[in-house]
2 protein chains.
Amino acid sequence: MLDSGTALQGVDGSRVLSIDAMGGDNGPATVVAGLSLFLKKNPGTQVMLHGRAKELTPLLAKHGLTDIVILRDASDVVTMHDKPSHVVRHGKATSMWSAIEAVRTGEAGVVVSCGNTGGLMAMSMLRLRKIDGVNRPAIACLWPSRNKQGFNVMLDAGADIRADQDDLLIYALMGTSYARNAFDLKRPRVGLLNVGTEEHKGRAELKVAHELIGASATKGDFEYVGFVEGGDLPGDACDVIVTDGFTGNVALKTGEGIANLISDFMRESLKRTPLSMLGALLARGALRSLKKRIDPRRVNGGVFLGLTKTVIKSHGSADATGVAAAISLAHRLADQHFSDRLASRLAASLPHESDRAAPPTQEQP
Amino acid sequence: MLDSGTALQGVDGSRVLSIDAMGGDNGPATVVAGLSLFLKKNPGTQVMLHGRAKELTPLLAKHGLTDIVILRDASDVVTMHDKPSHVVRHGKATSMWSAIEAVRTGEAGVVVSCGNTGGLMAMSMLRLRKIDGVNRPAIACLWPSRNKQGFNVMLDAGADIRADQDDLLIYALMGTSYARNAFDLKRPRVGLLNVGTEEHKGRAELKVAHELIGASATKGDFEYVGFVEGGDLPGDACDVIVTDGFTGNVALKTGEGIANLISDFMRESLKRTPLSMLGALLARGALRSLKKRIDPRRVNGGVFLGLTKTVIKSHGSADATGVAAAISLAHRLADQHFSDRLASRLAASLPHESDRAAPPTQEQP
């Protein structure tokens, strides 16, 4: 086992990944298995793992990671049912706290956790703070789409159940920055989710946000395509889709549910007759590539945007493949120093305080 | 051609279908083709068709429907871009107005239109009036699901962008009545759409609606399963899912978009190699049955709930199969005298006025 006190000497902390091993639906064995998958493809990446040493030590040994991964013992675990308010008050001994703390102190650059989303967000906001100008941080997620890059960025996927016009503008700017870094897009196309593309449709705050985002396109170096609809989430109308966290969360879970339903129906259909089973056998390469193309595990990893450091929420029910995908995303964003880039982009793109009716830095009551 | 003045003598108007032939994306030819498909399966059904006689007469002749369908000439058409406020003020000469009027006067029982949703809802509210106790009517649609009956009812799919706690309670009662009639369910299971199933999650009005709906389950003769999530729309957690029209509309379009994406990706995958093409050929029966099972055209037809008469909105881009499905749904609901049943169910289930903080009959300001 590496000695946790000395292991990080001489290492660039911003490239170290800080992983919370506990709190996922499938337990730490799945997280360590996912980490092992990731490290096979990315040997040499520095990783800190946080959780109960008694449980993690044998798991690391099993995967031959004992001398590679830095273990940080944390006796407590945030469960899926803990309320965010409880977590921030009583969570100091948890693996989640420990994983965030490593990033706060600069020992590591990016956090990954499969734990309770609300708890992770609350703790991250408390310990890592929001970037100047951001009132509500957001979770950005990826949708398989008809885009050149194959994915749309959607935010907010559920960090907050509300978003006013100023929040939606900030989401547009943060989403642009994320799409630019994740997909090498020079000038991402941004759309605002609504129930129709006509200008008179939708809630009042959406009409104001429509104006605000349109007016920021030049300064923010993105193309604003206007209102988009649910069907555009997997479409090619834009690269970044902005919405409040309630709508975004429902859309995300709806999309996953429909994809799972179709995949189950397909399996049933293909098993019905010997002929269709033979057909499925012959087409299995094609069906496997289809499955891979729409596999939600490939795009596992919601990124918290708007904090001074990058935090990645892996799906609670992620398997090893899903965990590995979330860690890969963390690795890419750490390498790009994404959180610093996002903060400087925001600072450059935001309207001056004096131009704004409601300053976004204002704290919630 | 049937003489429109005398054709309806001796006919039970409540079973006559009133169809707006104009205003869909694919024009009246598609509506008449869909009507023809429907009438082949349901000969003897009385149908009134509204639109420009000059355009419709040759279409009816082409399908051999000249002596079967009653034509009502209407010179004007509601377009997809007309605002609802414009439609109600200047729409008296439109086919949509004419189709609604036939139901208002009792000549027909159910309206079907592929036209502009907002216009259809505004005109229907103005001419057909709301049922006592209903503030916001809703559009109910069907989701392919893992249910015994294969479908979930979701409402509101987009009649209004807002819904308060009282509206959500009414939606639960109306959705129950619809599910009972459409699927012969004795005691439908009702869920309230939220971003999590825990009681502390979601917007304030959802927490109040949660209490209200739970308290009405016995009187309304349904089972309340509590909060459900986007993934339950195609799931088996309940039979009726209640949400506001903004969220419902985004979810519906997202689900359609994902289903179309997967179906396109599948087609591409299966065409990639000779082996996969052979496989697809052998499995074509299975793939066809899969396609049918998830085909959104099969469940075409949003039902406006909360008006004194039943109005069905067919998808603007519906093809002949889709139009036929919407007309079939109209036929079934007309046969069941659904609008009368819904009104009496609502009257029996609603809490007494004196028990309510905000009476649902209150008009919007």
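Throughout, a residue's number is its position along its own chain's written sequence, starting from 1. Each chain takes a letter, starting from A, and each ligand takes a number, starting from 1, following the order in which they are written. Two thresholds apply to this predicted model, a pLDDT of at least 70 for residue-level local features and 80 or more for giving and counting side-chain atom pairs, whereas whole-chain, interface and lining totals are computed over all residues. Side-chain descriptors were evaluated using all non-hydrogen atoms of the structure, hydrogens and water having been removed beforehand.

Draft legend 1. Structural context of the overall build of chain A. Helix and strand definitions here come from DSSP, where helices need a minimum of 4 consecutive H or I residues and strands a minimum of 2 consecutive E residues; each element is numbered from the N-terminal end. For chain A, the helix and strand inventory stands at 12 helices and 11 strands. We compute the radius of gyration over the C-alpha atoms and compare it with the globule rule, which gives 2.2 Å times the number of residues raised to the power 0.38. Over its C-alpha atoms chain A spans a radius of gyration of 21 Å, differing by no more than 12% from the 21 Å that the globule rule assigns to 365 residues. Across its three principal directions, the C-alpha atoms of chain A cover 60 × 60 × 35 Å. Residue exposure (1.4 Å probe, protein chains only): buried if accessible area is under 20% of the type maximum, exposed if over 50%, otherwise partly exposed. Buried positions account for 58% of the 365 residues belonging to chain A. For chain A, restricting intrachain contacts to residue pairs at least 6 apart in sequence, the fraction spanning at least 24 positions comes to 73%. Residues count as neighbours in contact if any of their non-hydrogen atoms are within 4.5 Å of one another.

Draft legend 2. Structural detail: the domain arrangement of chain A. Residues and elements named next belong to chain A. Each domain's extent was defined by an automatic or database domain assignment. Partitioning chain A into domains gives domain 1 (1-134 + 306-365) and domain 2 (135-297). At the interface, 32 residues of domain 1 touch 22 residues of domain 2. Defined in terms of a 1.4 Å probe, buried area is the accessible area two parts forfeit on being brought together, summed over both. Summing the contributions of domain 1 and of domain 2, the shared interface buries around 2400 Å²; its carbon and sulfur component is 57%. By salt bridge we mean one thing: a side-chain nitrogen of Lys or Arg within 4 Å of a carboxyl oxygen of Asp or Glu. Where domain 1 meets domain 2, there are 0 salt bridges. Here a polar contact means two N or O atoms within 3.5 Å. Within protein one must be a hydrogen donor candidate and the other an acceptor candidate, and residues neighboring in sequence count only if both atoms are side-chain atoms. The tally of links between domain 1 and domain 2 comes to 3 residue pairs in polar contact (both at pLDDT 80 or more). Counting residues per element, the ones that place at least two in the side of domain 1 that touches domain 2 are α5 (117-128), α11 (320-335) and α12 (338-349). Among the elements that line the side of domain 1 that touches domain 2, the one with the most residues is α12, at 7 residues. Taken together, the residues of the side of domain 1 that touches domain 2 sort by class into 15 nonpolar, 11 polar and 6 charged. Only Asp, Glu, Lys and Arg are considered charged in this grouping, and only Ala, Val, Leu, Ile, Met, Phe, Trp, Tyr, Cys and Pro are considered nonpolar; every other residue, Gly among them, is considered polar.

Draft legend 3. The relation of the copies chain A and chain B, seen in detail. When the copies are overlaid, the least-squares fit takes in C-alpha atoms only where the residue has pLDDT of at least 70 in both copies. Superposing chain A onto chain B requires a rotation of 180 degrees together with a translation of 0.0 Å along the rotation axis, leaving an RMSD of 0.0 Å. Here the symmetry operator amounts to a two-fold rotation axis. Of the C-alpha atoms belonging to chain A, the one lying closest to the rotation axis is found on G279 of chain A, 1.9 Å away. Residue by residue, 100% of the interface of chain A is reproduced at the interface of chain B, so both copies engage with the same surface.

Draft legend 4. Region of the structure containing the state of the cysteines. Counting rule for disulfides: a pair of cysteine sulfur atoms within 2.5 Å. For the structure on display, the rule yields 0 disulfides over all chains. Left without a disulfide partner, C238 of chain B is nearest to the cysteine sulfur of C141 of chain B, which lies 13 Å away.

Draft legend 5. Up close: helix α5 (residues 117-128) of chain B. All names here are of chain B. Expected helix span is taken as 1.5 Å per residue step, with the number of steps being one fewer than the number of residues. The end-to-end C-alpha distance of α5, which contains 12 residues, comes to 16 Å, matching closely the 16 Å that a straight helix rising 1.5 Å per residue would cover. Buried within α5 we find G119, L120, M121, M123, S124 and L128. Buried positions along α5 lie against α3 (84-90), α4 (95-104), β4 (110-113), β5 (138-144), β10 (302-305) and β11 (310-313). Capping the start of α5, N116 holds a side-chain oxygen 3.1 Å from the backbone nitrogen of G118, two or three residues further along. The first or second residue beyond α5 is R129, which carries a positive phi of 65 degrees.

Draft legend 6. Focus on the sheet that holds strand β10 (residues 302-305) of chain A. Residue and element names in this part refer to chain A. Strand pairing requires that DSSP identify at least two bridges connecting the strands. Strand order in the open sheet made by the 11 strands is β3-β2-β1-β4-β11-β10-β5-β6-β9-β7-β8, with mixed pairing throughout. At either end of the open sheet lies a strand with only one pairing partner, and these are β3 (70-73) and β8 (223-228). Across the sheet, the mean angle separating the axes of adjacent strands is 25 degrees when strand polarity is ignored. Pairing analysis gives 3 bridges linking β10 to strand β11 (residues 310-313), with the strands arranged antiparallel. Pairing of F304 across the sheet is with V311, part of β11. Across the face of the sheet, α5 comes into contact with β4 (110-113), β5 (138-144), β10 and β11 while running at roughly 175 degrees to β11. In this description, a line fitted to the C-alpha atoms serves as the axis of each element, helices being fitted only across the stretch in contact, and the angle between N-to-C directions of two axes falls anywhere from 0 to 180 degrees.

Draft legend 7. The arrangement of the packing of helix α6 (residues 165-183) of chain A against helix α7 (residues 204-220) of chain A in detail. Residue and element names in this part refer to chain A. Between α6 and α7, the least distance of the axes is 8 Å, while the angle of their chain directions is 40 degrees. Here α6 is positioned oblique relative to α7, judged by the angle of their axes. Two packed elements cross with a definite hand, and for α6 against α7 that hand is right-handed. Between α6 and α7, the residues in contact are Q165, D166, L168, L169, A172, L173, T176 and R180 and E205, L206, V208, A209, L212, I213, S216 and G220, respectively. Its residues assigned to classes, the contact of α6 with α7 shows 9 nonpolar, 4 polar and 3 charged. For classification purposes, angles smaller than 35 degrees are called roughly parallel, those larger than 145 roughly antiparallel, those between 65 and 115 roughly perpendicular, and all remaining angles oblique. The crossing is said to be left-handed when, going from far helix to near helix, the turn is anticlockwise and less than a right angle, and right-handed when the turn is clockwise.

Draft legend 8. Main features of empty space enclosed by the protein. Definitions used throughout: a 1 Å grid over protein atoms alone; a cavity as a set of points that fits a 1.4 Å probe which cannot get out; a pocket as an open set with protein on both sides within 12 Å along at least five of seven lines; a lining residue as one with an atom within 4 Å of a point. Grid points are joined across faces, edges and corners, and a volume is the space filled by probe spheres set on the points. Summed over the entire model, instances satisfying the criterion amount to 8 cavities of 30 Å³ or more. Taken as a whole, the largest cavity spans an internal volume of roughly 60 Å³. Taken together, F246 of chain A together with A163, L168, L192, L193, R203, E205, L206, V242, T243 and D244 of chain B make up the lining of the largest cavity. Going through the elements one at a time, β7 (189-193) and α7 (204-220) of chain B are the ones with two or more residues in the lining of the largest cavity.

Draft legend 9. Representation of the interface of chain A and chain B in the model. Contact with chain A, which involves 56 residues of that partner, is made by 56 residues of chain B. Of the roughly 5000 Å² buried between chain A and chain B on both sides combined, carbon and sulfur atoms contribute 70%. For the pair chain A and chain B, the number of links is 6 salt bridges. The partner of D264 of chain B in a salt bridge is R146 of chain A, and the shortest N-O contact between them spans 2.6 Å. Viewed at the interface, chain B and chain A are joined by 8 residue pairs in polar contact (both at pLDDT 80 or more). Only β5, α8 (245-270), α9 (274-282) and α10 (284-294) of chain A provide two or more residues apiece to the side of chain A that touches chain B. Along the lines of polarity and charge, the residues of the side of chain A that touches chain B split into 28 nonpolar, 17 polar and 11 charged.

Draft legend 10. Quick peek at the confidence of the model for chain A. Residues and elements named next belong to chain A. Scored by pLDDT, chain A has a mean of 87; 92% of the residues are at 70 or more. Along the chain, pLDDT gives the predictor's confidence residue by residue, from 0 to 100. Here residues 1-7 is modelled with pLDDT under 50, and outside its nearest four sequence neighbours on either side it reaches 14 contacts, counting other chains as well. Counting interchain partners and residues more than four positions distant, the pLDDT-below-50 stretch residues 354-365 has 19 contacts.

Draft legend 11. Broad picture of unusual backbone geometry. With omega at 10 degrees, the peptide bond leading from L155 of chain A into D156 of chain A counts as cis. Looking at where D156 of chain A falls in the secondary structure, it is placed in the loop between β6 (151-155) and α6. For R129 of chain A, which is not glycine, the phi dihedral falls at a positive 65 degrees. For R129 of chain A, the location among the structural elements is in the loop between α5 and β5. On the accessibility criterion, R129 of chain A (53% relative accessible area) is exposed. Positive phi outside glycine occurs at D221 of chain B, with the angle close to 55 degrees. Inspection of the secondary structure assignment puts D221 of chain B in the loop between α7 and β8 (223-228).

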